[in-house]
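As a plain string of letters, each chain reads:
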Amino acid sequence: MTKTRVVVLGAGFGGLELTTMVSDALGEAADIVLIDKSDAFVFGFSKLEVMFGRQPAAAVRHPYRTIAKPGVRLVQTTVRAIDPAAKRVTTDAGTFEADVLVVALGADYDLAATPGLLEGGNEFYSVPGAERVRDVLATFQGGPAIVGVCGKSFKCPPAPSETSLLLHDFLTARGLRERSEISLVMPFGTPIPPSPDTSKAILQTFAERGIRFVGDAMIASLDPARKVAILADGREMPYALFLGVPVHRVPQVVVDSGLASGPYDWVPVNKQTLETKVPGVYAVGDVNGVGTPKAGVFAEGSARVVAAAIIAGVRGEPGPGPYRGLGSCYIEFGHGQVGRVDVEFLAGPKPTGTFQAPSEALVAEKTAFGSTRVARWF
Ligand SMILES: Cc1cc2nc3c(=O)[nH]c(=O)nc-3n(C[C@H](O)[C@H](O)[C@H](O)COP(=O)(O)OP(=O)(O)OC[C@H]3O[C@@H](n4cnc5c(N)ncnc54)[C@H](O)[C@@H]3O)c2cc1C
C-alpha cells in the first residue's frame, strides 16, 4: 500500500503536535516530513523567563535533533516556495511533494512597520530580542517604562499584561520601582476581552501595583531623539524604557504562495476543518485567520483536528468533529503566582471565558503544561 505523504511546514506548537499525533496513531504507516529552519523549539512564554533573567536562553531551547518518531523525518532547512495546487514545497534542501500539506509557519514580525522601535526601544517577542531586553534591564536606572503593543493582531494576548506585572516585580526587587512608572499600551479596551473576570482581576492587580493601563491604543512609532512613544491617535508618551510587541505579519513565503492575499491577511481556512481554499492543504496555528487568538494552545488545538482528519483518511474512517477554538492560557500575575483563563471561541455566537484566580498551584500546572509537551514531542 502506498503511504500518504504528509509534509508539515514549521515545527512549532502546531507542527509538533500534528506530527506527534499522526506518528503515534499510524507509526511507520505514515510518511511525514517535518520541516523547520531552526534547530530548536522554544515556548513563547520562555521569552519572559529569558528577558527577566529567570532562565538563560540555552536552558529554554528544545533541540529538534532529539526527535525520533516512527514515520517522521525531520529536515532542518528553510522553505523558499510553496505551490499549493501541486502540493510541492521548495526548500534549501530540495523539493518535497505531498498528498497532504500542512502550513504551520507561524507569524513573522514586521519590525520596520514601527519606525524607531529598534533604534529607540526593544522588542521582546523573539529570543534575541528577549536577550537584549535582559541586558537593557540590567543597567536600567528607573524612569517611565512602557510595555507597548504595535499591531492589532499579536501572539498571546495576555503576554503584555504579564510583562507589566513581571516588570513591576523586577524593578521592586532592585529598589527601582519608586523611581519608575509602568504603563501598558494595548489595542483592546480590557486586557482579555473574552473573559471579563480575567480582565477585572488583571486591572485590579494593576491598580494595586500602580500600573497604568492605556486601552484601545496602539504604538505607531518611537522618536528616539526625544525619547517619546507616539500612539496611533497622535498622543505622545515619554519613556526611559520601551518594551514593544512588534507588528505581526504573514510569512512572505506564504503570501507568495497565494494562500494569503497580503502580509496582514492571515490564511483563510474553513473554520471547522482548517482546510485552505486548496483541497488537501491546511493552515494551522498563528498563520491562519480562523479567528482564535495567536497562542500555542490554539495552534495545538487546530493541529489536533487536522491530525485526526489525516488519521481518519488513512484508516478510511469518518473525519473528526469541527474545531471549537478551545484554549487554556496560564497568566503570570507576578508575586510568584499564575492564573488561568479557559476560552472557547468558535462553538457559540461569541467567545466565552472562565477564570481561575492566581495561585501557586497554577505555577506547578503551567510547568507541567510545558514538560508534558516536551515529553510527547521530543
Ligand atoms: C512572549 C510570548 C509569550 C507567549 N506565551 C504563551 C503562552 O503562555 N501560552 C500559549 O499558548 N502561547 C503563548 N505564546 C504564543 C505561542 O508561542 C505561539 O502562538 C505559538 O508558538 C504558535 O504556534 P505555531 O505552530 O503557529 O507557530 P510557531 O510555534 O511560531 O512555529 C512556526 C515555526 O515555523 C518555522 N518557520 C517559519 N518560517 C519558516 C521557513 N520559511 N522555513 C522553515 N521554517 C520556518 C519557525 O522556525 C517556527 O519553528 C507566547 C508568545 C510570546 C512571544
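None of the values given here were measured: they were computed from a predicted structure.

A. Spatial organisation of the site of the ligand. Close to the ligand lie 25 residues; Gly 14, Asp 36, Val 79, Asp 286 and Gly 296 are nearest. With respect to the ligand, the backbone of Gly 14 contributes an N or O atom lying 2.8 Å from an oxygen atom. One of the backbone N or O atoms of Gly 296 is found 2.9 Å from an oxygen atom in the ligand. Protein coverage of the free-state accessible area of the ligand, which is 1,000 Å², stands at 92%. Within the residue set of the shell around the ligand, elements represented by two or more residues are helix 1 (13-26) and helix 8 (296-315). The greatest single-element share of the shell around the ligand, amounting to 3 residues, is contributed by helix 8. Grouping the amino acids of the shell around the ligand by side-chain chemistry returns 11 nonpolar, 10 polar and 4 charged.

B. How the structure looks around the sheet that holds strand 11 (residues 122-123). If you walk across this open sheet you meet the 5 strands as 11-18-12-13-14, and the pairing is parallel. In this open sheet, the two strands that pair with only one neighbour each are strand 11 and strand 14 (211-214). Bridge count for strand 11 against strand 18 (residues 241-245) is 2 bridges, and the pairing is parallel. Bridged to Glu 123 within strand 18 is Gly 244.

C. Quick look at the pattern of salt bridges. Applying the stated criterion across every chain, the model contains 20 salt bridges. Linking Glu 236 and Arg 226 is a salt bridge whose minimum nitrogen-to-oxygen distance equals 2.9 Å. Taken together, the positions of Glu 236 in strand 17 (residues 236-238) and Arg 226 in the loop between strand 15 (219-223) and strand 16 (228-231) put the pair 10 residues apart, joining distant regions of the chain. Judged by its relative accessible area of 43%, Glu 236 falls in the partly exposed class. The class of Arg 226 is partly exposed, set by a relative accessible area of 45%. Members of the salt-bridge network, linked through shared partners, are Glu 17, Asp 24, Arg 304 and Arg 376.

D. Fine view of the packing of aromatic side chains. Taken as a whole and judged by the stated rule, the model has 19 aromatic pairs. For the ring pair Phe 43 and Phe 45, a centre distance of 5.0 Å and an interplane angle of 5° mean the geometry is stacked. Joined through ring pairs, the aromatic side chains of Phe 13, Phe 41, Phe 43, Phe 45, Tyr 330, Phe 369 and Trp 377 make up one cluster. Taking the ring centre of Trp 266 as reference, the NZ or CZ of Lys 294 above it sits at 3.8 Å.

E. The packing of helix 1 against helix 9 (residues 360-377), seen in detail. It is at 10 Å that the axes of helix 1 and helix 9 come closest, and there the two elements cross at 50°. As far as their axial angle goes, helix 9 and helix 1 are oblique. The two elements helix 1 and helix 9 cross, and the hand of that crossing is left-handed. Between helix 1, through Phe 13, Leu 16, Glu 17, Thr 20 and Asp 24, and helix 9, the contact on the second element is made entirely by Phe 369, Arg 376 and Trp 377. Looking at the contact of helix 1 with helix 9 residue by residue, the classes come out as 4 nonpolar, 1 polar and 3 charged.

F. The arrangement of helix 8 in detail. Between its terminal C-alpha atoms helix 8 stretches 28 Å, which fits the 28 Å expected from 20 residues at 1.5 Å a residue. Among the residues trailing helix 8, Gly 316 stands out with phi positive, at a value near 70°.

G. A look at the nonpolar core. Core analysis: the biggest nonpolar cluster contains 108 residues, and Val 7, Leu 9, Leu 18, Val 22, Phe 124, Leu 167 and Val 254 have the highest contact counts within it. If one sorts the elements of this core by residue count, helix 8 sits on top with 9 residues. Other than its neighbours up to four places away in sequence, Phe 124 contacts Lys 47, Leu 48, Met 51, Gly 129, Ala 130, Val 133, Val 147, Thr 163, Leu 243, Gly 244 and Val 245. Among the nonpolar cores identified, the runner-up in size contains 14 residues, and Leu 117, Val 185, Leu 222 and Met 237 belong to it.

H. Representation of the side chain of Asn 122. When you line up the elements, Asn 122 lands in strand 11. Engagement of the side chain of Asn 122 in a polar contact is seen with the backbone oxygen of Phe 242, the distance being 3.0 Å.

I. Up close: the environment of Phe 188. Secondary-structure assignment places Phe 188 in the loop between strand 13 (180-185) and helix 6 (196-209). The contact partners of Phe 188, leaving out residues within four places of it in the chain, are Lys 152, Phe 154, Pro 157, Pro 193, Phe 213, Gly 215 and Asp 216.

J. Layout of the sheet that holds strand 16. Reading across the sheet, the 3 strands line up as 15-16-17 and stay open at both edges, with antiparallel pairing between neighbours. Every other strand in the sheet has two partners, leaving strand 15 and strand 17 as the edge strands with one partner each. Sheet twist, expressed as the average angle between the axes of neighbouring strands with direction ignored, equals 25°. Two strands pair when backbone bridges link them, and strand 15 and strand 16 are joined in this way by 4 bridges, in the antiparallel orientation. Paired with Ser 221 across the strands is Ile 230, a residue of strand 16.

K. Local environment of the packing of helix 5 (residues 159-173) against helix 6. As a packed pair, helix 5 and helix 6 sit with axes 11 Å apart at the nearest point and diverge in direction by 25°. The pairing of helix 5 with helix 6 is recorded here as roughly parallel in orientation. Between helix 5 and helix 6 the crossing geometry is left-handed. For the pair formed by helix 5 and helix 6, the contact residues are Ser 161, Ser 164, Leu 165 and His 168 on the first element and Ile 202, Thr 205, Phe 206 and Arg 209 on the second. Broken down by class, the residue content of the contact of helix 5 with helix 6 amounts to 3 nonpolar, 4 polar and 1 charged.

Criteria and thresholds
Residues numbered from 1 in each chain as written. Predicted model: local features only at pLDDT ≥ 70, side-chain atom pairs only at ≥ 80, totals over all residues. Heavy atoms only, no water. Near = heavy atom within 4 Å. Polar contact = N/O pair within 3.5 Å; in protein donor to acceptor, adjacent residues only side chain to side chain. Areas by Shrake-Rupley, 256 points an atom, 1.4 Å probe, with all protein chains shown as cover. Helix = DSSP H or I, 4+ residues; strand = E, 2+ residues; numbered from the N terminus. Nonpolar A, V, L, I, M, F, W, Y, C, P; charged D, E, K, R; others polar. Pairing = 2+ DSSP bridges. Salt bridge = Lys/Arg side-chain N within 4 Å of Asp/Glu carboxyl O. Buried < 20%, exposed > 50% of the residue type's maximum accessible area, 1.4 Å probe, protein only. Phe/Tyr/Trp six-rings, centres within 6.5 Å; stacked < 30°, edge-to-face > 60°. Lys NZ or Arg CZ within 6 Å of the ring centre and 35° of its normal. Axes fitted to C-alpha atoms, helices over the stretch in contact; angles between N-to-C directions. Parallel < 35°, antiparallel > 145°, perpendicular 65-115°, else oblique. Left-handed = near helix turned anticlockwise from the far one by under 90°. Contact = heavy atoms within 4.5 Å. Expected span 1.5 Å × (residues − 1). Core = buried A, V, L, I, M, F, W, Y, C linked by side-chain atoms within 4.5 Å.

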